[in-house]
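Residues per chain, in single letters:
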Amino acid sequence: MSDDDGTPPYRRPDLDTDERVSDLLDRMTLEEKAGQLVGTWGGHLRAEQTFEDVADAVRDHHLGVAAPFGWAAPLATDPTEAAEIANDLQRIAREETRLGIPLLFNVDAVHGHAYVADTTVFPNGLGAAATWDPELVEESAQLTAREMRRTGAHQNYSPTCDVGRDPRWGRTFETFGESPLLCAKMAAAKIRGYRGSDEPVLATAKHFPAYSEPERGEDASPVDVSEYKLRNTFVRPFEDALAAGVDSVMPSYNSVDGEPSHSSRTVLTDLLREELGFDGHVVSDWNGVRQLADDHRTARDQRDAVRQAHAAGLDVASVGSVEHAENLVDLAERGELDEETLDASVRRVLERKFELGLFEDPYVDADEASERVGTDDHREVAREAARASMTLLENDGILPLSGDEDVFVGGPNADDIVHQLGGWSVLDADVAAGETILEALRSHAERSESDASITYEQGATLNETLDLDTAAEKAAEADVAVLALGEGWYLHEFGPAEQAGVPTGEWPTRSELGLSEAQRELARRVHETGTPVVGVLVAGRPLAVDWLHRNASGLLMAYYPGTEGGRAVAETLFGESDPRGRLPISVPRSAGDLPQHHDHLAHPRPIGDDEHPPSYAPLYEFGHGLSYTTFEYDGVAVERDELGEGDELDVTVTVSNTGDRPGTETVHVYGNQAVSSRVRPERWLVGFGQVSVDPGESETLAVSIPATEFGFYKPGEGHVVESGDYRISVGDDEASFEIVD
């Protein structure tokens, strides 16, 4: 059915989305439906043959989703070229297919549109969480969405909702740390930013339902958890993501309770859709469907894997390509997969395309793309995010530097922008924006117009010593030595080696949390000169750095701080910016002390406290971070002594700046239940807030905490808030209250 002018209803923007989707769905063949549920990867699309392969898949097999630029491309894509590729593929979809359905382009822009040259790269997940500033994270996400849309991308495979519980895991840097509450707040902030941007993109919560505490710390190995832990630790951030309106959910690679998430109806339908009420579309992780047969061995072959995944509740195979589409058609034709199941999935995909306005205009202005990404205002927000993430772990008074010191700079991360960006970013330093730490320190020295000098000798790569004698000689002549140590670029299980340039099996690995021997030797040699050492850790996870803890005069955790991270480090070291980051994850003393979580469960000590080491004794606690000023808390109080399940607890605390510099303090509020029906953590984070205070001044901060934050998921009953006595703690102070029926 069409209008008098021949325009079919699905092409009429004046009609509502449901009507347009229904009309289009009625017109589609089985092959066209199957194609909408399958994506493909373009690889390095500067190769004409690769582009034609993707084009043919769109023309001949109706594929409706693509990743035209992304993590496996060996070089970054120029913004203009990215936009041109997107436009060319859209033109094929619109003009060379029967129904002209536009493509949906997805990308892993997890900390900025970082796989495109000269874009704005923000601190990676752990660094973003260290800001404890959801509003800043939301603004960063808005700008990421804007830069994505300007190069033609529509769906971001972000945010990561995994709760980082094992720092051996190679994806720890993508998480927002170890607290379910902090992860939930930051994930929701990113979703609001992606969806609320003036140029919005689809947000994808990943990796459902539990991915981040794998056996042995090995990526994608089984996560064998109880229902109690699954629901109270891992599912919580996804619940907040759904409440924030997330568009899409991605299953995890691993198995949970013996079921691979990609083929688990229990996970994707019973839990995600029916219990949690998700109505968006479910997209596979990269090869999540293929792994059902190849790795989990729960499917006979790829055809069976496709059947299992879609029967369980998967909508889109992100990179299934032509084979997946052909299997879908065959399964439906033979009655092994209901066409109604496909229709429901296609409807979800088409709804997203209509809502994004792709049927009206799927194209972008390629000529302006390069000028509209990585702009000064975007980079200023990234700079502020990097500043806010800087976490000062140690300081014997050497920091901040006065600017008059002669500074020696060394280490593998001092002058490497790729390491500074971290994984899910470009691998070509020539196309990455921003200053390295060394460049930023030199720029600061030039601006200050002092007689101080900046000398440099790398001294070590990530794994090999270089000219240690020269490094030591230069350090001996300096007033202070700044060593930028830590990790480099990696993905997943500390690879892929052929791109990162570090052979598989060399440090970093999940078996060792300390720095590599080469970096330790550099630090020892410099320390032996008698020159004070300030360590700067550029890394994706909490490293066990006991030697630096004992010997360094200062230690700054910079995470993977992004394009503006070099400048943020320099500003922090010289005191232009106060280090206001706070650890979102505990730093263990060694791998042998794992797990170390602030919210560990209460338990007996059968041989007594005097003979038993404390359960939680990390090198640096969750929430730790020093400032260049000092703060004191006073007057911690709750507004009322009793509250009901639907009420909120208003906690107030007076924060006084007892130092001589202005500073920003992050206040953490922890909860404790006196007596509970299930074993609960000895304390857990229930709320937080920030306050900026001038020297000699005091400010009162109010943190409002829903009573539900004191509840928990109880197997067999669901979420409960039990009546009884509770207390909250802020610093060393406590306040008590009661929850009543």
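*Asks:* Mind showing me how you'd approach the environment of Y616 here?
*Replies:* Here Y616 is to be found in the loop between α23 (565–573) and β16 (631–638). When the C-alpha atoms of Y616 and L583 are compared, they prove to be 15 Å apart, with 33 residues separating the residues in sequence. If sequence neighbours within four positions are ignored, Y616 has contacts with S586, Q596, H597, H598, H600, E621, F622 and R683. Engagement of the side chain of Y616 in a polar contact is seen with the side chain of S586, the distance being 2.6 Å.

*Asks:* Got a minute to help me understand the nonpolar core in this structure?
*Replies:* As a rule of thumb, nonpolar side chains are buried together in soluble globular proteins. In this structure, L24 and V246 are the most contacted members of the largest nonpolar core, which totals 92 residues. Counting residues per element, this core draws most heavily on helix α7 (residues 180–196), at 8 residues. Setting aside its immediate chain neighbours within four residues, L24 contacts Y10, L99, I101, L350, F354 and F359. Grouped together as the second largest cluster of nonpolar side chains are 46 residues, M390, L401, I417 and L438 included.

*Asks:* Would you mind going over the packing of helix α12 (residues 302–312) against helix α13 (residues 321–333) with me for this structure?
*Replies:* For any two helices packed against each other, the geometry is given by the interaxial angle and the distance between the axes. Direction vectors running N to C along α12 and α13 enclose 75°, while the axes themselves pass 9 Å from each other. As summarised for this structure, α12 and α13 are arranged roughly perpendicular, according to the angle between their axes. When α12 is examined against α13, the residues Q302, R303, V306, R307 and H310 are found in contact with a partner set consisting of E323, H324, N327, L328, D330 and L331. A per-class count over the contact of α12 with α13 returns 3 nonpolar, 4 polar and 4 charged.

*Asks:* Explanation requested: the sheet that holds strand β17 (residues 642–643) in the structure shown.
*Replies:* Through backbone hydrogen bonds, the strands of a sheet pair up, either in parallel or in antiparallel fashion. With mixed pairing, the 5 strands of this open sheet are ordered in space as β17-β25-β24-β19-β20. Across the chains shown, the open sheet's two edge strands, defined by having one partner strand only, are β17 and β20 (684–693). Where strand β24 (residues 724–730) meets strand β25 (residues 733–739), 7 bridges bridge the pair, whose relative direction is antiparallel. Bridged to R727 within β25 is S736.

*Asks:* Looking at this structure, I do not really get the packing of aromatic side chains. What am I missing?
*Replies:* To describe a pair of aromatic rings, you give the distance between the ring centres and the angle between the ring planes. Tallied over the full model, the rule gives 16 aromatic pairs. Relative to Y211, the ring of W169 has its centre 5.0 Å away and its plane inclined at 80°; by these criteria the two rings are edge-to-face. Separated by 42 residues along the polypeptide, W169 in the loop between β4 (155–156) and α7 and Y211 in the loop between β5 (202–208) and α8 (227–234) bring together distant segments of the chain. Each member of the pair, W169 together with Y211, is buried. An angle of 85° between the planes, with centres 5.4 Å apart, marks the rings of F173 and Y490 as edge-to-face. With F173 in the loop between β4 and α7 and Y490 in the loop between β13 (480–486) and α20 (497–500), this pair connects stretches of sequence that are 317 residues apart. Judged by relative accessible area, F173 falls into the buried class, the value being 1%. Of the residues examined, Y490 reaches a relative accessible area of 2% and is grouped as buried. Following the ring pairs from residue to residue traces out a cluster consisting of F173, Y490, F494 and Y560. Across the ring face of W684, the terminal group of R680 is positioned such that the distance to the ring centre comes to 4.2 Å.

*Asks:* Just checking my understanding: could you explain helix α10 (residues 265–275) for this structure?
*Replies:* Since there are 3.6 residues in each turn of an α-helix, residues three or four apart along the chain are aligned in direction. For α10, the set of buried residues is V267, L268, T269, L271, L272 and R273. Just downstream of α10, G277 is the residue with a positive phi angle, here 80°.

*Asks:* Whenever I open this one, unusual backbone geometry confuses me. Can you help?
*Replies:* It is generally the case that most residues other than glycine have a negative phi and that most peptide bonds are trans. A cis amide bond, omega 5°, links K206 with the succeeding residue H207. Assignment of secondary structure puts H207 in strand β5. At the junction of F208 and P209, the peptide bond is cis and its omega measures out at 0° in the coordinates. A positive phi angle is found at H492, which is not glycine, with a value near 50°. For Y559, which is not glycine, the phi torsion reads 60° and is therefore positive. Looking at the element boundaries, Y559 is found in the loop between β15 (554–557) and α23.

Thresholds, definitions, all that
Residues numbered from 1 in each chain as written. Predicted model: local features only at pLDDT ≥ 70, side-chain atom pairs only at ≥ 80, totals over all residues. Heavy atoms only, no water. Helix = DSSP H or I, 4+ residues; strand = E, 2+ residues; numbered from the N terminus. Contact = heavy atoms within 4.5 Å. Polar contact = N/O pair within 3.5 Å; in protein donor to acceptor, adjacent residues only side chain to side chain. Core = buried A, V, L, I, M, F, W, Y, C linked by side-chain atoms within 4.5 Å. Buried < 20%, exposed > 50% of the residue type's maximum accessible area, 1.4 Å probe, protein only. Axes fitted to C-alpha atoms, helices over the stretch in contact; angles between N-to-C directions. Parallel < 35°, antiparallel > 145°, perpendicular 65-115°, else oblique. Nonpolar A, V, L, I, M, F, W, Y, C, P; charged D, E, K, R; others polar. Pairing = 2+ DSSP bridges. Phe/Tyr/Trp six-rings, centres within 6.5 Å; stacked < 30°, edge-to-face > 60°. Lys NZ or Arg CZ within 6 Å of the ring centre and 35° of its normal.

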